[in-house]
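In case you want the letters, here they are:
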Amino acid sequence: MILTFALGVAPTLAMDDGANLAEQFLKKIPLSSYDQAMTMEQAMMVQAQFIKSLKPTFGEVVGYKAGLTNPDVQKAFGVAHPLRGTLLKKMLLKSGAEVEANFGCRPLYEGDLILRVGSAEIDKAKTQQEILKYIDAVIPFIELPDITYAKEVKINGPALAAVNVGARFGITGSPIPVKASKEWMDRLKNFKLQIHERAW
């Protein structure tokens, strides 16, 4: 991370920080350090440049991801809110896709889901139940995130936000239509994922 300082002026991020991070991300080179004084505002500036630099490889924006949604995890990363990342077209793979075991710098996998928005009216929703009215479908999703930083690096919220909250790949299932009902709200709150290992 490169910061430019001037007397009486707040530090500003160099314009190519995100591009440099993206280059290492594409080459699967773990990041060895970051500026621990970086603010969330600065991190989102880096993220924007990072995403722009990934578009030639991964395509255009198709959605967004929420990271650090658990309050205990937020506390561990030194933030008080979830983080937003951006999903690009070629990050989303269909069920049955084959992915290299070392698909990233520090590859992980986790069970998740995608909510497909059916109407822009969702922006006017005030409650969770109202939000559900504008959700078109739920799509089972096995996220394949990439921590990006080397194992010895202790990262905080801004550091994670800067690298697009670790978005790399994800496997999508078939869309499941949603109804705005209490039953569906409960299903979304209590969904389970089972992972089975298979010998080849």
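Residues numbered from 1 in each chain as written. Predicted model: local features only at pLDDT ≥ 70, side-chain atom pairs only at ≥ 80, totals over all residues. Heavy atoms only, no water.

Visitor: How should the pattern of salt bridges be read in this particular structure?
Guide: One side chain can pair with another of opposite charge once the charged atoms of both are near each other. This model, assessed by the stated rule, comprises eight salt bridges. The shortest N-O distance in the salt bridge between Glu-121 and Lys-124 comes to 3.5 Å. (Salt bridge = Lys/Arg side-chain N within 4 Å of Asp/Glu carboxyl O.)

Visitor: Which parts of the structure should I look at to understand helix H6 (residues 182-189)?
Guide: In an α-helix there are 3.6 residues to a turn, and that puts residues three or four apart on one side. The complete set of buried residues in H6 reads Trp-184, Met-185 and Leu-188. Along H6, the residues classed as buried sweep out an arc of 105 degrees about the axis, all on the same side. For H6, the exposed residues set more than 90 degrees away from the buried face come down to Lys-182, Glu-183 and Lys-189. Those residues of H6 that are buried lie in contact with strand E6 (110-117), helix H4 (128-133), strand E7 (135-144) and strand E9 (176-177). (Buried < 20%, exposed > 50% of the residue type's maximum accessible area, 1.4 Å probe, protein only. Helix = DSSP H or I, 4+ residues; strand = E, 2+ residues; numbered from the N terminus. Arc of directions from axis to C-beta. Contact = heavy atoms within 4.5 Å.)

Visitor: It is not clear to me how the side chain of Thr-172 should be interpreted in this structure. Could you clarify?
Guide: Take Thr-172: it is sitting in strand E8 (residues 169-172). The class of Thr-172 is buried, set by a relative accessible area of 15%. In contact with Thr-172, other than residues within four places in its own chain, are Leu-92, Leu-93, Lys-94, Ser-95, Ile-114, Ile-139, Pro-140 and Phe-141.

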